[in-house]
Amino acid sequence: MAPYIPQNYLPNLKKYKYQAIDKSFISKYVLAEYWNQLVKIFPLTMAANMVTLLGSLHVIVAVVLNQIYAPNLVETCPSWVYFAYSVCIWIYGSFDAVDGKQARRTGTASPLGELFDHGCDSLVVSLIMILFASTCQLGETWWTVALVFFALTNFYMSTMEEYHTHILFLGYFSGPVEGIISFSLSTLATGILGPEFWATSAYSLLPLPAFIVDMLPPLTIAQSVIAGMGVMLVPTVFTSFSNVAKACREQNKSVLSAFADAIPFFASIASCSMWLYASPEIRTQHLVVFLMFVGFAFSYIVGRVIVAHVTGAPFPKLNRMHIPIFFGTANAIAPSIGLAKMFDGPNELVLIWICLAYTAIQYAHFALEVIDTICTYLDINCLTIKKKPAANEAKKSE
């Protein structure tokens, strides 16, 4: 098996410099001082990646609670569960915001930090969307699918943009800041008001005449939020492509070739949608398992892009994580072209569990191998701060 980081690209790790632009007013004028004070609670002996990991584990705790109390994403949870969601996601977002500060405090900033941070973020983004779907009681529906796929698309486009521009761009409204705040406040409000709030007609919040409301399609508050995300995603994707095109022209690179880098991702999203359309029982009965499988596949795909970014390697396109996605889709649509399914009925659920196991194991192998390679080359530890060799003591006179 070829290494995830070829030897000839390892020297680029020492040349890499993280660059970011954050236009968020909330980051600058509201949360900046909070983050500056929060980072001080962590001892200088704690590695920044440990801060990242501890924050991400809070999302796992919330997901475990969700699977206990609302496994089908429609059940009403005790109020304290929604409060727990709010606290867990707020802690995750806060720790995610200060891990870089901790790295600078301890003098341990490295390309591994960006890779570890983005890797954790890519893993939890779909989980957070599943939690939000459960909070809104969207159930195993196309609305939940859209919610997750919109978030994955936004994340992927941001990562692709960073690869080509060498700058992480966070706009006036970004997932790591405003998205986390919105989720925390939404789940807090749900704990107080109850999830029934989300099923209220969205038009009840607007001073619209009755005859206009009658002409509009039925839309709940929860559905209007997702529709709004879809609308906002269009200019976000357009801006990412525009920034990529500008960077390519400045670097005398092919714009069309850079745009083509997005084709495998969008093909994967389309393929997963086709799979769910062709197998409605999967979407209506086993959607959470399916989305977890997709989440691992997505994290691997994004992880390969981030590794290429910090090492200056060519942009990764198709990889082994696309295999289960395209195979599963081919199996699902086989009857529409006159062929028999290899995995039909209950066996298709077995296939999804196999895909989940495959993607989880493959992602774990990728993460551990990349971490080991970078730690070995840069002579650092991942979750602890490696002590520097003490200076040689002066020879004592006899």
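Cut-offs and rules
Residues numbered from 1 in each chain as written. Predicted model: local features only at pLDDT ≥ 70, side-chain atom pairs only at ≥ 80, totals over all residues. Heavy atoms only, no water. Helix = DSSP H or I, 4+ residues; strand = E, 2+ residues; numbered from the N terminus. Rg over C-alpha atoms; globule rule 2.2 N^0.38 Å. Contact = heavy atoms within 4.5 Å. UniProt positions renumbered as here; feature names shortened; annotations may be inferred. Phe/Tyr/Trp six-rings, centres within 6.5 Å; stacked < 30°, edge-to-face > 60°. Core = buried A, V, L, I, M, F, W, Y, C linked by side-chain atoms within 4.5 Å. Buried < 20%, exposed > 50% of the residue type's maximum accessible area, 1.4 Å probe, protein only. Expected span 1.5 Å × (residues − 1). Axes fitted to C-alpha atoms, helices over the stretch in contact; angles between N-to-C directions. Parallel < 35°, antiparallel > 145°, perpendicular 65-115°, else oblique. Left-handed = near helix turned anticlockwise from the far one by under 90°. Nonpolar A, V, L, I, M, F, W, Y, C, P; charged D, E, K, R; others polar. Salt bridge = Lys/Arg side-chain N within 4 Å of Asp/Glu carboxyl O. Bend = angle between axes of the 7 residues up to and from the residue.

J.: Just to check I follow, could you spell out the overall build of the protein for this structure?
T.: Scanning the protein from terminus to terminus reveals 14 helices and 2 strands. Relative to the compact-globule value of 21 Å for 398 residues, the protein shows a C-alpha radius of gyration of 23 Å, a close match. Projecting the C-alpha coordinates of the protein onto the three principal axes gives extents of approximately 95 × 50 × 45 Å. In the protein, of all internal contacts separated by at least 6 residues, the share reaching a separation of at least 24 is 79%.

J.: I tried to follow the UniProt feature "transmembrane region" (unreviewed entry) in the protein on my own but got confused; where do I start?
T.: If you check UniProt for "transmembrane region" (unreviewed entry), the listed places come out as residues 47–68, 80–98, 169–195, 215–234, 255–277, 289–311, 323–343 and 349–368 in our numbering. Secondary structure across residues 255–277 divides into 91% helix and 0% strand, with the first and last C-alpha atoms of the span separated by 33 Å.

J.: Just checking my understanding: could you explain the packing of aromatic side chains for this structure?
T.: Centre distance and the angle of the planes are the two values used to describe a pair of aromatic rings. Taken as a whole and assessed by the stated rule, the structure comprises 24 aromatic pairs. Each ring, one from Trp-275 and one from Phe-290, has its centre 5.1 Å from the other, and the planes form 90°; the classification is edge-to-face. Of the two residues, Trp-275 sits in helix H10 (residues 263–278) while Phe-290 sits in helix H12 (residues 287–311), which places them 15 residues apart along the sequence. Centre to centre, the rings of Phe-327 and Phe-343 are 6.2 Å apart; their planes meet at 80°, and the pair counts as edge-to-face.

J.: What should I look at first to understand the nonpolar core in this one?
T.: Buried together is how nonpolar side chains tend to be arranged in soluble globular proteins. Counting 99 residues, the largest nonpolar core has Tyr-85, Ile-128, Phe-149, Tyr-156 and Phe-290 as its most contacted members. The dominant element in this core, judged by the number of residues it contributes, is H12, at 17 residues. Non-local contacts of Tyr-85, meaning those with residues more than four positions away in its chain, are made with Ala-62, Leu-65, Asn-66, Cys-77, Leu-131, Ser-134, Thr-135, Phe-183 and Thr-187. Counting 11 residues, the second largest nonpolar core, distinct from the first, contains Trp-35, Phe-42, Val-98 and Val-177.

J.: Just checking my understanding: could you explain helix H14 (residues 346–378) for this structure?
T.: Since the α-helix packs 3.6 residues into each turn, any two residues three or four apart lie on the same face. Its 33 residues place the ends of H14 48 Å apart at the C-alpha level, agreeing with the 48 Å of an ideal helix rising 1.5 Å per residue. The first or second residue beyond H14 is Asp-379, which carries a positive phi of 60°.

J.: In this structure, what is going on with the packing of helix H5 (residues 142–165) against helix H8 (residues 221–250)? I would like to understand it.
T.: Direction vectors running N to C along H5 and H8 enclose 15°, while the axes themselves pass 9 Å from each other. The pairing of H5 with H8 is recorded here as roughly parallel in orientation. For the pair H5 and H8, the sense of crossing is left-handed. In terms of residue class, the contact of H5 with H8 is made up of 15 nonpolar, 9 polar and 1 charged.

J.: Please clarify how the pattern of salt bridges should be interpreted in this entry.
T.: One side chain can pair with another of opposite charge once the charged atoms of both are near each other. Evaluated as defined, the whole model comprises 3 salt bridges. Asp-261 serves as the salt-bridge partner of Lys-317, at 3.0 Å between the closest nitrogen and oxygen. Taken together, the residues span a long stretch of sequence, with Lys-317 in the loop between H12 and helix H13 (322–333) and Asp-261 in the loop between helix H9 (255–260) and H10 at a distance of 56 residues. A residue is classified by how much of its surface remains accessible, and Lys-317, at 40% relative accessible area, is partly exposed. By relative accessible area, Asp-261 is classed as buried at 3%. A salt bridge links Asp-379 to Lys-386; its shortest N-O distance comes to 2.4 Å.

J.: Would you explain the packing of H10 against H12 in this entry?
T.: Geometrically, a packed helix pair is captured by the angle between its two axes and the distance between the axes. Between H10 and H12, whose axes approach to 12 Å, the crossing angle comes to 165°. Taken together, the axes of H10 and H12 are roughly antiparallel relative to one another. The way H10 lies across H12 gives a crossing that is right-handed. Along its contact with H10, which presents Phe-265, Cys-272, Trp-275 and Leu-276, the element H12 presents Leu-287, Phe-290, Phe-293, Val-294 and Phe-298.

J.: Would you mind showing me how to read helix H4 (residues 111–135) here?
T.: When the terminal C-alpha atoms of H4 are compared, their 36 Å separation across 25 residues agrees well with the 36 Å that a helix rising 1.5 Å per residue should span. Roughly 30° is the biggest bend found in H4, and it falls at Val-124. Extensive coverage of H4 is indicated by the burial of 23 of its 25 residues. Downstream of H4 by one or two residues, Gln-137 has phi in the positive range, about 55°.

J.: What is the right way to read unusual backbone geometry from this model?
T.: A negative phi angle is the norm for most residues apart from glycine, just as the trans form is the norm for most peptide bonds. Phi at Leu-73 is positive, roughly 65°, even though this residue is not glycine. One can find Leu-73 in the loop between helix H2 (48–69) and helix H3 (79–105). Phi is positive for Asp-379, which is not a glycine, with a value near 60°. Structurally, Asp-379 can be placed in the segment after H14.

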